Amino acid sequence: MDYKKYILPHIWDLKPYSSARDEFNGNEGIFLDANENPIGSGLTENYNRYPDPLQLHIKDQIALIKKCSTDQIFLGNGSDEAIDLLIRMTCTSKSSSIIVCPPTYGMYEVSAAINNVPIIKINLTAEYQLNSDLIIQAIDSTTRLIFICSPNNPTGNLMNREDIYKILDSFKTGFIVIDEAYIDFSDEPSFIHELAKFPQLIVMQTLSKAYGLASLRLGMAFADPIIIKLFNKIKPPYNIGGATQNLVQKALENSYFVTESIQHIKINKNKLIADLKHIIGVRSIFHSDANFILVKFIRAQELFDFLISQKIIARNRSNVALCDDSIRITIGLESENEELILKIKIFYTKNDV
Ligand SMILES: Cc1ncc(COP(=O)(O)O)c(C=O)c1O
């Protein structure tokens with residue numbers, strides 16, 4: 001793939017900011033180069049020095065976990081940062097467009113709107129699968145990006161792999177993003193292993209879900225090293241703070257926690273689904289490969305409001321395409337899920353179905 005054709009020329013030619021830590025990255029010496037405070041931070045641990053702009057320690061760990069090479073990894077302040085940078089790298093307001101497949105993660109559309117880039121929406125099928133033929137028909141000379149979320153938010157299911165391959169085989173004049181924020185909860189292999197085969201593929205993942213690190217803000221994009229270099233060129237110089245880097249490094253050493261919590265969440269999910277099946281007001285529970293479920297309820301809006309009044313906060317997705325009367329429920333602790341079931345039962349004993 002001739003990447004230069006699909007990257008905006010001013011980005012391809014950009015001379016990036018060269019930070020103090022880009023120019024010298026040793027640990028020892030008298031550092032008088034970055035206008036830092038030499039005394040410390042007023043904390044027990046000092047954060048007075050700028051962090052590694054390329055986060056190489058974490059990338060080494062992630063490369064081992066994800067079985068890829070470090071130069072295939074970009075780290076962002078959440079995967080939301082990677083989504084925004086990718087749009088800025090590839091799309092202009094005048095002659096580009098982005099295909100998304102609603103109902104899906106809302107930030108693709110919001111990031112496109114912030115960058116003033118038109119969005120083409122090809123809804124999922126009634127079974128919440130990709131309409132691959134319609135997507136392929138919608139591709140034109142302006143298409144620069146196609147976002148595919150698998151497992152999808154808010155529906156929770158994996159997209160059929162054959163449909164993804166069909167789109168990958170048909171679209172080579174821009175990039176296909178597979179957002180795998182929830183892949184750790186599924187039994188399917190990641191598309192990271194397909195990067196060598198599909199040079200237009202970009203896979204995104206995050207530590208916000210299975211790794212339990214949402215507050216630290218660490219998202220990942222996996223792609224050809226040429227694309228990763230472009231991400232690094234346009235990102236803010238120190239986009240991942242030192243505290244995040246230190247804590248992520250420690251968390252990644254504790255692989256036991258991730259495996260255990262995934263197992264735990266899967267067990268809780270199955271139990272919650274089994275309990276919901278006995279409730280009269282539940283119309284359907286959609287298959288989930290993620291750490292949440294989408295459930296269609298009778299009187300969904302009233303139920304949602306009742307749950308809020310009981311201090312149980314779920315996500316009402318009723319106004320989203322193809323999700324009428326549906327509430328997205330994150331799998332909580334066993335006791336939290338039991339409390340939820342109790343409150344739903346109370347709601348339906350008070351209100352006719
Ligand atoms: C599908 C999907 N992609 C990306 C994100 C953003 O993740 P991060 O916390 O890394 O910004 C989310 C967050 O909910 C998500 O659902």
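See the structure printed just above.
Source: prediction; values computed, not measured. (Residues numbered from 1 in each chain as written. Predicted model: local features only at pLDDT ≥ 70, side-chain atom pairs only at ≥ 80, totals over all residues. Heavy atoms only, no water.)

J.: Help me understand the nonpolar core, please; the structure alone is not making it clear to me.
T.: Proteins that are soluble and globular tend to have nonpolar side chains buried together. In this structure, Ile-62, Leu-130, Ile-146 and Phe-222 are the most contacted members of the largest nonpolar core, which totals 50 residues. Of all hydrophobic cores here, the second largest spans 32 residues; its members include Ile-83, Cys-149, Phe-175 and Ile-227. (Core = buried A, V, L, I, M, F, W, Y, C linked by side-chain atoms within 4.5 Å. Buried < 20%, exposed > 50% of the residue type's maximum accessible area, 1.4 Å probe, protein only.)

J.: What exactly am I supposed to notice about the layout of surface pockets here?
T.: Using a probe with the size of a water molecule, rolled over the atoms, empty space left in the structure can be pinpointed. Its volume calculated, the largest pocket comes out at about 660 Å³. Lining the largest pocket are 22 residues, and of these Asn-27, Tyr-50, Pro-51, Asp-52 and Gln-245 sit closest to its centre. Among the elements of the structure, helix H2 (20-23), helix H3 (56-66) and helix H9 (242-253) are those that each provide at least two residues to the lining of the largest pocket. A total of 4 residues in the lining of the largest pocket trace back to one element, the largest contributor, which is H9. (1 Å grid on protein atoms, 1.4 Å probe; cavity = no way out; pocket = protein on both sides within 12 Å on 5 of 7 lines; lining within 4 Å. Points joined across faces, edges and corners; volume = space filled by probe spheres on them. Helix = DSSP H or I, 4+ residues; strand = E, 2+ residues; numbered from the N terminus.)

J.: How should I be thinking about the packing of aromatic side chains in this particular structure?
T.: The way to describe two aromatic rings as a pair is by their centre distance and the angle between their planes. One pass over the full model with this rule turns up 12 aromatic pairs. When the ring of Tyr-108 is compared with that of Phe-147, the centres are 4.4 Å apart and the planes differ by 10 degrees; the resulting orientation is stacked. Taken together, the positions of Tyr-108 in helix H5 (residues 107-114) and Phe-147 in strand E4 (residues 143-149) put the pair 39 residues apart, joining distant regions of the chain. Per residue, the accessibility class of Tyr-108 equals that of Phe-147, and both read buried. (Phe/Tyr/Trp six-rings, centres within 6.5 Å; stacked < 30°, edge-to-face > 60°.)

J.: Is there a simple way to think about the sheet that holds strand E7 (residues 219-222) in this case?
T.: The strands that make up a sheet are held in pairs by hydrogen bonds between backbone atoms, and each pair lies either parallel or antiparallel. In space, the 7 strands of this open sheet follow the order E1-E7-E6-E5-E4-E2-E3, with mixed pairing throughout. Every other strand in the sheet has two partners, leaving strand E1 (73-76) and strand E3 (119-121) as the edge strands with one partner each. Ignoring which end each strand starts from, the neighbouring axes of this sheet average 20 degrees apart. Direction of pairing for E1 relative to E7: antiparallel, over a ladder of 4 bridges. (Pairing = 2+ DSSP bridges. Axes fitted to C-alpha atoms, helices over the stretch in contact; angles between N-to-C directions.)

J.: Help me out: how do you make sense of the sheet that holds strand E8 (residues 282-285) in this one?
T.: If you trace the 4 strands from one edge of the open sheet to the other, you get E8-E9-E11-E10, paired in antiparallel fashion. Taken across any chain shown, the strands that pair with only one partner, and hence form the sheet edges, are E8 and strand E10 (315-316). Against the sheet, helix H10 (residues 255-277) makes contact with E8, strand E9 (292-297) and strand E11 (326-330), and its axis sits at roughly 10 degrees relative to E9, the strand it touches most. (Contact = heavy atoms within 4.5 Å.)

J.: I keep staring at the site of the ligand and nothing clicks. Help me out?
T.: Surrounding the ligand, one finds 13 residues, the nearest of these being Ser-79, Asp-179, Tyr-182, Thr-206 and Ser-208. Taking Asp-80, its main chain carries an N or O atom lying 3.3 Å from an oxygen atom of the ligand. Within the side chain of Asp-179, a nitrogen or oxygen atom sits 2.6 Å from a nitrogen atom of the ligand. Contact with the protein chains covers 92% of the free accessible surface of the ligand, which is 400 Å². Tallied by class, the residues present in the shell around the ligand amount to 4 nonpolar, 5 polar and 4 charged. (Near = heavy atom within 4 Å. Polar contact = N/O pair within 3.5 Å; in protein donor to acceptor, adjacent residues only side chain to side chain. Areas by Shrake-Rupley, 256 points an atom, 1.4 Å probe, with all protein chains shown as cover. Nonpolar A, V, L, I, M, F, W, Y, C, P; charged D, E, K, R; others polar.)

J.: Looking at this structure, how should I read unusual backbone geometry?
T.: For residues besides glycine, phi is generally negative; the peptide bonds are generally trans as well. Of the consecutive residues Ser-150 and Pro-151, the connecting peptide bond is found in the cis state with omega at -5 degrees. Looking along the chain, the bond that leaves Asn-153 and enters Pro-154 is cis, with omega of 20 degrees. Mapped onto the fold, Pro-154 is located in the loop between E4 and helix H7 (161-170). One non-glycine residue, Asn-35, lies in the positive phi region at around 55 degrees. Within the secondary structure layout, Asn-35 lies in the loop between H2 and H3. The exposed category is assigned to Asn-35, whose relative accessible area is 77%. Even without a glycine there, the phi angle at Leu-322 is positive, about 65 degrees.

J.: What is the right way to read the environment of Ile-331 from this model?
T.: Looking at where Ile-331 falls in the secondary structure, it is placed in the loop between E11 and helix H12 (334-350). Its relative accessible area of 8% is what places Ile-331 among the buried residues. For the pair Ile-331 and Ile-265, spaced 66 residues apart in sequence, the C-alpha separation works out to 6.5 Å. Those residues within four positions of Ile-331 in sequence are excluded, and the remaining contacts are Ile-265, Asn-268, Lys-269, Leu-272, Asn-291, Phe-292, Ile-293 and Asn-337.

J.: It is not clear to me how helix H11 (residues 300-309) should be interpreted in this structure. Could you clarify?
T.: An α-helix turns once every 3.6 residues. As a result, residues three or four positions apart point the same way. Taken as a whole, H11 has its buried residues at Ala-300, Leu-303, Phe-304, Phe-306 and Leu-307. Looking straight down H11, one finds that the buried residues subtend no more than 165 degrees of arc, so they occupy a single side. Where H11 is buried, its residues contact E9, E10, E11 and H12. Count one or two residues on from H11 and you reach Lys-311, which has phi positive near 65 degrees. (Arc of directions from axis to C-beta.)

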